[in-house]
Amino acid sequence: FKVVNDTLGHVVGDRLLIQVAERFTTCMRASDTLARLGGDEFAVLLKGIDSTSDAADVAQKLQKVIAEPIEVDGYSLHPATSIGISVFPSDGEDAEILLKNADTAMYRSKDTGRNQITFFSADMNVRARRRLELENKLRQAVKEQSLHVYYQPRCDAETMAITGVEALARWHDPVEGDIEPSEFIPLAEECGLISDIDEWVLKKACSDVLQWFDGDVPAVGLAVNFSPTQFARKDPHAIVKQILKQTGFPGTSLELEVTESLFGPDSFDITKTFKKISELGVEISVDDFGTAYSSLSRLKQLPLHT
């Protein structure tokens, strides 16, 4: 849902929510309650069920009913549903605790690959506390700039000579040791830290590569990932231009990697932004192509290099 809002706009996001709510309603009994809590989170209150399997049956219906593509303003959208379930009285004896525990179970569904149904269990509160603890640590690490940048080489397939490197953010916590990117990158996206990490990695990588060549024009290219959030909330052209100026790194040696989720068929603003970045000499590559909204014909319309 966040990607839809960031790339296709909030109007499309709102219309998607309306269609999802309408489909969910078809799964409800007259005695059930469907509510939107905020953002893309819904709650369903089932009264008078005989067993937990009844709750699972409804959850499966909710998943199935939006498994079919949802057409909004010419876009074919494929939302996934992460569902958490808590049951009275075993999982809580008041509404606040039941909601909290269902929310915890929902996050567990997201952590295990999305499009999952998870019943609450007591050990999930341990995981919820872990997530909060990790978020606080990550905020501190970003503030103190204590993350690290590792460099993955790109090699010529024939000579095996290194032709470039890709900058990768890594986190070594003094207490826990190495924390996997698969754990902290999604967390950074959820809690709004990914833009700060992107910019820090870009600046650090430009400085590092220049040092390797004693300030001369680098003999290898540098690739850096940029989150869709950069394009939705900030001016990435201005950010890249400023960092190139501060570090002295040549734009012709830089490549920005973006994911296909960044653009849909009518992303004219994205195209303009890409062109402005390209004017700095920076190349733009698209990663994970074929997983979102685009067709092969879009490759011809966008100023992409790789």
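In the block above lies the structure referred to throughout.
This one's a predicted model, so the numbers in the text were calculated from it and none came from an experiment. Numbering of residues begins from 1 in every chain and follows the order in which that chain's sequence is written. Residues qualify for local features only when their pLDDT is at least 70, as the model is predicted, and side-chain atom pairs are given and counted only at 80 or more; totals for whole chains, interfaces and linings, by contrast, use all residues. The basis for the side-chain values is all heavy atoms of the structure; hydrogens and waters are excluded.

A. Focus on the packing of helix H5 (residues 124–144) against helix H6 (residues 181–190). The angle between two axes is taken between their N-to-C directions and runs from 0 to 180 degrees, where each axis is a line fitted to C-alpha atoms and a helix contributes only its stretch in contact. Strands are runs of DSSP state E lasting at least 2 residues, helices are runs of H or I lasting at least 4, and numbering of each runs from the N terminus. The geometry of H5 relative to H6 is characterised by a closest axis approach of 10 Å and an angle of 80° between their N-to-C directions. When the axes of H5 and H6 are compared, the pair comes out roughly perpendicular. Between H5, through Arg130, Arg131, Leu134, Glu135 and Leu138, and H6, the contact on the second element is made entirely by Glu183, Phe184, Leu187, Ala188 and Glu190. Gly counts as polar in this scheme, as do all residues outside two lists: the nonpolar Ala, Val, Leu, Ile, Met, Phe, Trp, Tyr, Cys and Pro, and the charged Asp, Glu, Lys and Arg. Considered class by class, the residues forming the contact of H5 with H6 number five nonpolar, no polar and five charged. Angle categories: roughly parallel below 35 degrees, roughly antiparallel above 145, roughly perpendicular from 65 to 115, and oblique for all the rest. Residues count as neighbours in contact if any of their non-hydrogen atoms are within 4.5 Å of one another.

B. Helix H2 (residues 10–25), seen in detail. A helix's residues, less one, multiplied by 1.5 Å, set its expected span. Counted at 1.5 Å a residue, the expected span for H2 with its 16 residues is 22 Å, and the 22 Å between its end C-alpha atoms agrees. Note on classification: 1.4 Å probe, protein chains only; a residue is buried when its accessible area is under 20% of the maximum for its type, exposed when over 50%, partly exposed between these limits. Listed as buried for H2 are Val12, Gly13, Leu16, Leu17, Val20 and Phe24. Take H2 and look down its axis: the buried residues cluster within an arc of 140°, on one side only. Residues of H2 that are exposed and point more than 90 degrees away from the buried face comprise Val11 and Glu22. To obtain the arc, one takes the directions from the helix axis to the C-beta atoms.

C. Quick look at the environment of Arg23. Tracing the backbone shows Arg23 in helix H2. Linking Arg23 and Ile66, residues 43 residues apart in sequence, is a C-alpha distance of 6.9 Å. Setting aside chain neighbours within four positions, we find Arg23 in contact with Val65, Ile66, Glu68, Pro69 and Ile70. At a separation of 3.3 Å, a polar atom in the side chain of Arg23 contacts the main-chain carbonyl oxygen of Val65. Pairs of N or O atoms within 3.5 Å make up the polar contacts considered here, provided that, within protein, one atom can donate a hydrogen while the other can accept it, and that residues adjacent in sequence are counted only when both atoms are side-chain atoms.

D. Inspection of the environment of Phe184 at higher detail. Within the fold, Phe184 resides in helix H6. Taking relative accessible area as the criterion, Phe184 reaches 0% and is therefore assigned buried. The sequence separation of Phe184 and Glu135 amounts to 49 residues, and the corresponding C-alpha distance is 8.3 Å.

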